[in-house]
Amino acid sequence: MRELRQAGGLSQAALGDALAVSRQTVNAIETGKYDPSLPLAIRIARYFGTRVEEVFHVD
Amino acid sequence: MSTDTTTGSRWRVPALCLGFGLVYLMIGAVKQDWTLGIGGLAIMLAYGALLVIFGRRNEAVGMLGDSFPDERRRELQRRTAASTGYVLVLVLVAGSLITMVTDSPDAGPFAGLTALAGATWIGFTIWHVRRG
């Protein structure tokens, strides 16, 4: 997710605003400390115009 | 602008702190115990001020102040509540056993509170299982 965000020139706070989550939550997702819920994962994927499995990897 | 806090939620807990502080002050006035009254008010005001001043800089302080509960923070709050509950149940069970062994006059209240904790645990287990 970090790569997609940085490619779009977005800060964590800006992405957090767009997804209606806090900046710290964006950071926690990017660092792998927090796995987003399915609805949030779908929202993230839709925001970047891609699919969930292309943003998040199980391994 | 980051949506770390919303105006309404940012002031809710500090306002509650002020309310509790005033309750302490009233109890202190009624009991003529100004250490309780003024001390209680001062502690609650200091806690409320801490939430307002550092709530935007520190996530944990912000969460204590009920700021912007997104899904991760709600999950963290659930874990915090569960951990607090585990500690309280542990204290009640240990206290109940110790007061029972030592024939303490507090054995009755401890046993009652432990029974209440057990009944609550069972009740909420059933409630949450039924809700899925």
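Provided above is the structure to which this section pertains.
As the structure is a computational prediction, the values presented were derived from the model and not from experiment.

S.K.: Which residues make up the overall build of chain B, and what are the values?
M.R.: Helix and strand content of chain B: 5 helices and 0 strands. Taken from the N to the C terminus, the helices and strands of chain B come in the order α-α-α-α-α. Relative to the 2.2 N^0.38 estimate, which gives 14 Å for 132 residues, the radius of gyration of chain B is 19 Å and therefore markedly larger than a compact globule would have. Evaluated residue by residue, chain B yields a buried proportion of 17% over its 132 residues. For chain B, the share of sequence-separated contacts (at least 6 apart) that also reach a separation of at least 24 residues comes to 44%.

S.K.: Outline unusual backbone geometry, listing residues and values.
M.R.: Positioned with a positive phi, alanine 20 of chain A is a non-glycine residue whose angle comes to about 60 degrees. Tracing the chain through its elements places alanine 20 of chain A in the loop between helix H2 (12-19) and helix H3 (23-30). You can call alanine 20 of chain A partly exposed: it has 13 C-beta atoms within 10 Å. A positive phi is found at glutamine 32 of chain B, a non-glycine position, where the angle reads about 55 degrees. Checked against the element boundaries, glutamine 32 of chain B lands in the loop between helix H1 (7-31) and helix H2 (34-54). When the 8 C-beta atoms within 10 Å are taken as the criterion, glutamine 32 of chain B is described as exposed.

S.K.: I'd like a description of the packing of helix H4 (residues 71-101) of chain B against helix H5 (residues 107-131) of chain B, backed by residues and values.
M.R.: Residues and elements named next belong to chain B. Where H4 meets H5, the axes come as close as 8 Å, and the angle between the chain directions of the two elements is 145 degrees. Pair H4 / H5 crosses with left-handed handedness. Along the contact surface, H4 presents Val89, Leu92, Val93, Gly95, Ser96, Thr99 and Met100, while H5 presents Ala107, Phe110, Ala111, Leu113, Thr114 and Ala117. Its residues assigned to classes, the contact of H4 with H5 comprises 9 nonpolar, 4 polar and no charged.

S.K.: Please set out the interface of chain B and chain A residue by residue, giving values where relevant.
M.R.: Contacts between chain B and chain A engage 9 residues on the former and 13 residues on the latter. Counting residues per element, the side of chain B that touches chain A draws most heavily on H4 of chain B, at 3 residues. Its residues assigned to classes, the side of chain B that touches chain A comprises 1 nonpolar, 2 polar and 6 charged.

S.K.: For the environment of aspartate 106 of chain B, give the residues involved together with the corresponding values.
M.R.: The residue aspartate 106 of chain B is located in the loop between H4 and H5 in this model. In this structure the C-alpha to C-alpha distance between aspartate 106 of chain B and alanine 82 of chain B, which are 24 residues apart in sequence, comes to 26 Å.

S.K.: Account for H3 of chain A, with residues named and values stated.
M.R.: Turning to H3 of chain A, its buried residues number three or more, namely Gln24, Thr25, Val26 and Ile29 of chain A. As for H3 of chain A, its buried residues are in contact with H2 of chain A together with helix H3 (59-64) and H4 of chain B. Phi turns positive one or two residues past the end of H3 of chain A, at glycine 32 of chain A, with a value near 80 degrees.

S.K.: Could you give an account of the environment of leucine 92 of chain B, naming the residues involved and the relevant values?
M.R.: All names here are of chain B. You can see leucine 92 is positioned in helix H4. According to the C-beta neighbour criterion, leucine 92 is partly exposed, with 19 such atoms within 10 Å. When the C-alpha atoms of leucine 92 and leucine 64 are compared, they prove to be 25 Å apart, with 28 residues separating the residues in sequence. Ignoring sequence-local partners within four residues, the contact set of leucine 92 consists of Phe110, Leu113, Thr114 and Ala117.

Rules used throughout
- Residues numbered from 1 in each chain as written.
- Chains lettered and ligands numbered in written order.
- Predicted model: local features only at pLDDT ≥ 70, side-chain atom pairs only at ≥ 80, totals over all residues.
- Helix = DSSP H or I, 4+ residues; strand = E, 2+ residues; numbered from the N terminus.
- Rg over C-alpha atoms; globule rule 2.2 N^0.38 Å.
- Buried ≥ 20, exposed ≤ 12 C-beta atoms within 10 Å, placed from the backbone.
- Contact = placed C-beta atoms within 7 Å.
- Axes fitted to C-alpha atoms, helices over the stretch in contact; angles between N-to-C directions.
- Left-handed = near helix turned anticlockwise from the far one by under 90°.
- Nonpolar A, V, L, I, M, F, W, Y, C, P; charged D, E, K, R; others polar.

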